[in-house]
Amino acid sequence: MTPDMNYRNGMSLGWRLCFILSLFATIPRLIFVWPALFNPARIGSGLLDICIQFIISFEFAWIFIYICLHYTYQKQSWFNRQSKWVQAGLLVLLFFAINEILFQLKLALDEDNTNMIIFRVVYYLYHILLLLAILGYRNFLLTTQANHEIGLENEQLKREQLKAQLEALRNQLNPHFLFNALNILNISIATNPDLAQRIVLDLSDILRYNLKVQNQGLVLLTDELAAARAYLDLHKARFGDKMAFDFIDTETGKEWYVVPLSLQILIENAIKHNVITSTQVLFIEIRLNEPEKQVIVMNTINKKANSGGTGIGLQNLDKRYKIQTGQKPSLIEDEQQFTVKIPLIEAP
């Protein structure tokens with residue numbers, strides 16, 4: 001929800017809270033005037049006393065709820081433009097000023113003015129308790145809002161994960177991809193049985209991995225690297241010497257985590273958007289940088305005139321990382337290389 005909508009909802013609940021607080025604040029006063037309610041000569045003054053207490057409590061609660069909500073949701077006002085110390089001083093001054101004004105009004109309408117000191121203490125105590133209840137109401141609104149935002153972020157993350165999985169499966173199961181893999185497999189069965197067997201294993205590993213990570217928010221880096229190697233091996237079987245790749249310093253004894261399909265998305269992006277020929281070899285490098293908590297994917301650039309990309313890959317990866325970890329992959333591009341640095345996540 002937008003801040004304006006949260007503010008309106010807060011104001012709507014605020015009216016109800018003012019009514020409830022005023023009732024509770026009036027109950028103790030009812031005890032003092034209870035005998036007057038059974039005295040025909042004093043019943044009018046007793047009812048008036050209760051009504052005055054209710055109205056005063058309601059006005060006090062509403063003024064501070066109004067200020068509280070304006071401050072919480074940073075509505076445009078003179079008060080919100082002041083420094084914290086000025087705001088605190090104004091609130092204290094306002095608290096005592098309103099109490100004194102309302103107290104004097106109550107005193108002027110009350111027939112019994114004995115025990116004024118005790119009455120004043122009790123009266124101020126009423127409003128201190130009301131103020132504490134209002135602060136509790138503010139914390140309730142903030143907590144509810146935070147939980148709502150977390151729920152929205154989780155839903156958005158699920159949608160982004162689903163998009164990534166569908167995009168990855170679309171790339172890996174589309175007729176063109178399968179045609180190339182099966183065509184290479186068909187040729188290799190007779191000419192290079194070992195390559196044919198490796199193609200079958202790589203394709204099996206890729207599909208198994210994608211099914212495995214469907215419902216996972218994070219995966220082990222070692223599993224992601226293994227799936228990326230199988231994915232690159234499969235494309236290497238297709239392009240031969242027109243494509244090369246290297247894994248540098250990827251052996252690690254620590255359990256790092258990454259967002260699922262991160263590396264496959266970047267590899268697919270490199271293959272999709274670059275010309276791959278015998279004179280324009282595509283080189284992909286995957287490097288682990290543990291001190292900086294990054295896995296780096298670099299590819300050479302020979303851009304196609306029209307790659308026909310969907311634009312989902314990198315945007316999806318960026319959104320998922322931001323929602324999942326609060327971090328974002330960094331992109332560096334020059335005339336020769338395109339580099340993406342993916343944040344590594346320690347054990348969740």
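Given the structure is predicted, the values throughout are model-derived calculations rather than measurements. (Residues numbered from 1 in each chain as written. Predicted model: local features only at pLDDT ≥ 70, side-chain atom pairs only at ≥ 80, totals over all residues. Heavy atoms only, no water.)

Caption draft 1: Summary view of the pairing of strand β6 (residues 330-333). Of the strand pairs in this sheet, β6 and strand β7 (residues 337-343) are connected by 4 bridges, and their pairing is antiparallel. Directly across from S330, in β7, lies its bridge partner K341. Connecting β6 to the next strand, β7, in antiparallel fashion are 3 residues. (Pairing = 2+ DSSP bridges. Helix = DSSP H or I, 4+ residues; strand = E, 2+ residues; numbered from the N terminus.)

Caption draft 2: The pattern of salt bridges, seen in detail. According to the stated counting rule, one finds 7 salt bridges in the structure shown. E333 is paired through a salt bridge with K303; the nearest N and O atoms lie 2.8 Å apart. With E333 in strand β6 and K303 in the loop between β5 (294-300) and α9 (312-325), the pair connects residues that are 30 residues apart, well separated along the chain. Take E333: its relative accessible area is 45%, and that puts it in the partly exposed class. When its relative accessible area of 55% is taken as the criterion, K303 is described as exposed. (Salt bridge = Lys/Arg side-chain N within 4 Å of Asp/Glu carboxyl O. Buried < 20%, exposed > 50% of the residue type's maximum accessible area, 1.4 Å probe, protein only.)

Caption draft 3: Structural context of the sheet that holds strand β2 (residues 243-248). Spatially, β2-β4-β5-β7-β6 is the arrangement adopted by the 5 strands of the open sheet, whose pairing is mixed. The open sheet is flanked by β2 and β6, the only strands paired with a single partner. Pairwise comparison of adjacent strand axes, ignoring direction, gives a mean angle of 10° for this sheet. Here β5 runs beside β7; their pairing, made up of 7 bridges, is antiparallel. What sits directly across from N299, in β7, is F338. Of the strands in this sheet, β2 and β4 (282-289) touch helix α7 (residues 221-239), which is tilted by about 160° from β2. (Axes fitted to C-alpha atoms, helices over the stretch in contact; angles between N-to-C directions. Contact = heavy atoms within 4.5 Å.)

Caption draft 4: Representation of the nonpolar core. Of all hydrophobic cores here, the largest spans 49 residues; its most connected members are I267, I284 and I286. By residue number, the principal contributor to this core is α7, which donates 10 residues. Discounting chain neighbours no more than four positions away, the residues touching I286 are L225, A228, L232, D246, F247, I248, T250, I267, V295, I296 and V297. Counting residues in hydrophobic clusters, the runner-up holds 21 residues, among them M11, A25, F58 and L141. (Core = buried A, V, L, I, M, F, W, Y, C linked by side-chain atoms within 4.5 Å.)

That is the geometry; function is a separate question.
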